[in-house]
Each structure stands twice: as C-alpha cells, then as structure tokens.
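Residue-level structural notes
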Amino acid sequence: MRIAIIGSGGREHSISQKIFESKKVDKIYCIPGNGGTQEIADNVDIDLKDFVKIKTFLISKNIDLTIIGPEEPLVNGIVDYLKKENLKVFGPDQFCSRLEGSKIFTKKICKLENIPTANFQIFKDSSSSLNFLKNSNYPIVVKADGLAAGKGVYICEKFSEAKKAVDEVFGGKFGKAEEILIEQFLSGEEMSFFILYDNNSFKIFNTAQDHKRVYEGDKGQNTGGMGAYSPSRLHSKELEKKIIDRIILPTLKYLKKENGIYVGFLYAGLMIKNNDPYLIEYNVRMGDPECQTILPLLKNDFLEVIESCINGNLKNYELTWKNKKSLCIVLTSSGYPNKFEKKILIENLNNIKLINDDYLFHAGTRFDEGKFYSNGGRVLNFVSIDQDFENARNRAVNLIKKLNWKNGHYRKDIGYKVIEKK
Ligand code: AMP
Ligand code: GLY
C-alpha cells in the first residue's frame, strides 16, 4: 500500500515508523515531514492549508490511505474534503473535530449529556466576564474558545491575572473572539486517555501521563509536552469503566445523533480526583508526546489497525500490547517555549546506538546536504521501553547524554510520580 502521513512532529515520525514496519506498506510520503521521516519516507513540502495541492498530490501518487496527524487540518475540514474526492483518509470529520476546535462546543455537550467536567460559564463580552470574575473564588481558569496551539488556557490565581486573560482573549490574541469560557479550577492528577473509533465501535488505545511544564518538578511555563510515560499510574479497570461510561460513551452517542463521522483517535484529557474522572478537554488526534510513548508498545501491524478502522471492522480486531513500561523524554532547543534559535547543527546523531526497544523520533529537525539541523522548539524524542519506568528513564537519559547537544534542554525527572514515589 502507498501511504501519506500529514504533519511534521514527533507524533508523525512515530506514526511513520510504525507504518514503515508494516508488512503491507510499499511507500510512505510525509507532508511535510521532518529530518527523521526523510529516512523512511519521501518528504513533500506542501502547506497544510492548501487542500487542493494536497489532493492533487495524493491522486498523482496513487495514495491508498492518508493519515492526518495534527488537529489544525482536521478542524479545517481536510477529511470531508478528501473524502469527497473518493480518497481514503484516517481522521474525524469537521463536525466531530469541533470537539477540539471549540472548547465551548465540548462544554455544551458535557452539559447536555451530563458528562463530568469543571463547572463553567460562557460570556460574550469583556465587561460581563469581568463582573463575574470580580466575585469569583480563585484559582479560576479562563480559556479562549478555539485552537490556540496550547496557549489559550490561563490558570489565574487572582483577579488581576484573570483580567489580563480576558483582555488578551477579547483583544484577539487567538483570533477574533465571540465568546470566552470561564471554568472552575480542578485539582487532582491528569491522565491522557485514548480510544480508536471506527464510528461504530471503539477500542481503548492505552493511557499516558504527559509533562507539560518546561522545568523539573512541573515548574515554569506550559509547553507542548516535555515527555510522557505510559501506561498512566492511575489506570485501573474500575477507573477505565467510569471513563467509558461517564465520558466516552455519552460523547460518542451525541456525535452519532448529530450524524458526525468519527474514524480516528480520540484523546480525552482528564483530571482524576478521588478515583473519579473529569473531562478537561478533548483532542481529535493522538497526543504528542503521548503517541511517541504509546505506539512502540503496540504489537499489532499498525497499518492493519488503521485499515480495520477505515473499513468499519475494528470490533473484530484485537489490539495487543507489550506488557512493559514506556517513557519518552523530549529534547528541546534551549529557550523554548519562548525565544529559541533554529538551524543549529546536531552533530552526534551517529553516536546514538539504539538497542532493542530504544527509539529516537525526530520533531523539529531538518536534513540538509547530509547533516541534521534543529528546526523547531521540540527537537528530538528519546523513548525507551523496559520492565520498569526507572530503567526506561535511565536509558533515555543516557542516550541524550551521548548526543551531547550543547543547545539542548530536557527534563531528567519525567515519570517522577511513578519513579521517586516507589
Ligand atoms: P489545554 O491547553 O486545554 O491542554 O490545557 C492546558 C492545561 O491546563 C491542562 O493540561 C491542565 O493542566 C490545565 N487545565 C485546563 N483546564 C483546567 C481546569 N479546569 N482545572 C485545572 N487545570 C486545568
Ligand atoms: N500532549 C498534549 C497534546 O498533544 O495536546
């Protein structure tokens, strides 16, 4: 089969690698891909907003199946567009993608279907928001409605911070804002919960714990994700049942009722408090870096898994997982998530000798005239799988030390909640 993968991050490199290992694959194209994907696929530089160009390329190369990695093209309706051209594509339609594209859309479903989530209010202008915030308890959470590349969420400790958030959102920092979401702050521990759905039946696609803050001990600014471990330490059959019954099933029921077509991954960002799950947000794709952490644990032929989903046959397909622990550490360019330099040479990649169950997934890298350069904030993902998380982390850290990239920053404490507390 001839496969196209849309996206350029660590998630897309890990998807490409798993597809590359399939016995059914003949050729992979990545649009646009990165320095890692070019080793196993042809990178094709097309703007992800240019659906016409993407379609023309897919048809010209006789692509059998296109996998969409990131949220933006999904929210912009790429699946509906390509399906109209009779192309096979893995991802939810534009209606279902609103689960990620509009936080307010998701909150309204929560209310309608009685899904546990933080209490919330929606406001249409700054003065009514500020009136409410003057009389609120803190901390409180202020959110821009639409996609904001992970930056549209403000955890506010006091009124002045909430006011700044409201000013930024209605000031158009994340595009024109018609509405704003203000919600109760939830305490507890976060968990990323994934399912694979063929629009009729679903399979749980493992759990993970992301580490969003830039510094050790979960300090500093939020980032796209500094590392993850899988499975989450919170996972139990009892909790899983609550998540499915209270959150996943009512959501899928709602989407069905509204004639949405959901073929793809659904990622529930959850807060777990006293062993009860609350929905923080939905993403309509795999997580990054959760994908890099979870996919190496999968034993199945990943292309077969995706095909069974596209063909509506997931019910009869059994997923099998390695009974091991996976841990991913992200190496960033120093300065990230603020200002950082690009195009820094990464010299020692050849020194990295991966043994069985070590993985190196590229994110912001570029291959140019025989050399690798950084090309983004999150640069490389080091993943190791082992019997326990501590060994996995030691192996990933040792690989990063071997690379000895002077311009890099990483957290040595990924997985501290499962490792230090043992
Ligand atoms: P998001 O950009 O939507 O992924 O949100 C970023 C992070 O903000 C989440 O991963 C949580 O850590 C935090 N967050 C969002 N909503 C809440 C909430 N209601 N209570 C506590 N933390 C939250
Ligand atoms: N790991 C967070 C995300 O993918 O949104």
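In what follows, the structure referred to is the one given above.
Right, let's walk through the structure included here.

Reading the values: rules and limits
Think of each chain on its own: its residues are numbered from 1, step by step along the sequence as written. To read the labels, note that chains go from A and ligands from 1, taken in the order they are written. Predicted model: local features are reported for residues with pLDDT of at least 70 only, side-chain atom pairs are reported and counted for 80 or more only, and whole-chain, interface and lining totals are derived from all residues. Note: side-chain values were computed over all heavy atoms of the structure, leaving out hydrogens and water. Helix and strand assignments come from DSSP, with helices taken as H or I runs of at least 4 residues and strands as E runs of at least 2, each series counted from the N terminus. The globule rule is 2.2 Å times the number of residues to the power 0.38, and the radius of gyration it is compared with is taken over C-alpha atoms. When a residue's accessible area, from a 1.4 Å probe over protein chains only, is under 20% of the maximum for its type it is buried; when over 50% it is exposed; and in between it is partly exposed. We call two residues contacting when some pair of their heavy atoms lies within 4.5 Å. Each accessible area value is a Shrake-Rupley result obtained with a 1.4 Å probe; residue values ignore everything except the protein chains displayed when judging cover. When charges are tallied, Lys and Arg are placed among the positive residues and Asp and Glu among the negative ones, while His and the ends of the chain are skipped. Charge positions are represented by NZ for Lys, CZ for Arg, CG for Asp and CD for Glu. A pair of strands is treated as paired once DSSP finds two or more bridges between them. In this analysis, axes come from line fits to C-alpha atoms, helices being fitted only over the stretch in contact, and the angle between any two N-to-C directions falls in the range 0 to 180 degrees. Throughout this description, any angle smaller than 35 degrees is read as roughly parallel, any larger than 145 degrees as roughly antiparallel, any in the 65 to 115 degree range as roughly perpendicular, and the remainder as oblique. Under the scheme applied here, ten amino acids are nonpolar (Ala, Val, Leu, Ile, Met, Phe, Trp, Tyr, Cys and Pro), four are charged (Asp, Glu, Lys and Arg), and all others, including Gly, are polar. Throughout, the term near means that a residue has one or more heavy atoms lying within 4 Å of the molecule or strand in question. Pairing of N or O atoms within 3.5 Å defines a polar contact, subject to two protein rules: one partner must be a possible hydrogen donor and the other a possible acceptor, and residues neighboring in sequence count only if both atoms are side-chain atoms.

Moving on, we come to the overall build of the protein. A tally of regular secondary structure across the protein gives 13 helices and 23 strands. Against the globule reference of 22 Å for 422 residues, the protein gives a C-alpha radius of gyration of 21 Å, in line with a compact fold. Principal axes of the C-alpha set define a box for the protein whose edges measure 60 × 50 × 45 Å. The buried share of the protein, taken over its 422 residues, is 55%. For the protein, the proportion of contacts with a sequence separation of at least 24, taken over those separated by at least 6, is 68%. Summed over all atoms, the accessible surface of the protein reaches about 18,700 Å², with 46% contributed by carbon and sulfur. Across the protein, 63 positive and 54 negative side-chain charges occur, with their mean positions spaced 2 Å apart.

Turning next to the sheet that holds strand β8 (residues 153-156). If you trace the four strands from one edge of the open sheet to the other, you get β6-β9-β7-β8, paired in antiparallel fashion. Each edge of the sheet is formed by a strand with only one pairing partner; in this case those strands are β6 (120-123) and β8. Within the sheet, the average angular offset between the axes of one strand and its neighbour, ignoring direction, is 20°. In this sheet, β8 lies alongside strand β7 (residues 140-144) in antiparallel orientation, the contact comprising four bridges. Across the sheet, K143 pairs through a bridge with V153, a residue of β8.

Turning our eyes to something else, we now look at the environment of F174. Position of F174 relative to the elements: it lies in the loop between α8 (159-170) and β9 (180-184). On the accessibility criterion, F174 (22% relative accessible area) is partly exposed. F174 sits 13 residues away from S187 along the chain, and the two C-alpha atoms are 26 Å apart.

Let's shift gears to the packing of helix α5 (residues 94-101) against helix α6 (residues 103-113). Across the interface, α5 lies against α6 with an axial gap of 6 Å and an inter-helix angle of 95°. When the axes of α5 and α6 are compared, the pair comes out roughly perpendicular. Of the residues in α6, those in contact with F95, R98, L99 and G101 of α5 are K103, F105, T106 and I109. Of the residues belonging to the contact of α5 with α6, the class tally is four nonpolar, two polar and two charged.

For ligand 1, the set of nearby residues contains 15 residues, the closest of which are E183, L186, E190, K212 and E281. Between K143 and ligand 1, the recorded distance is 3.0 Å, taken from a side-chain N or O atom to a nitrogen atom. Q184 places a main-chain nitrogen or oxygen 3.0 Å from a nitrogen atom of ligand 1. Relative to its unbound accessible surface of 480 Å², ligand 1 loses 90% to contact with the protein. Within the residue set of the shell around ligand 1, elements represented by two or more residues are β7, β8, β9 and β16 (276-283). Residue composition of the shell around ligand 1, grouped by class: eight nonpolar, one polar and six charged.

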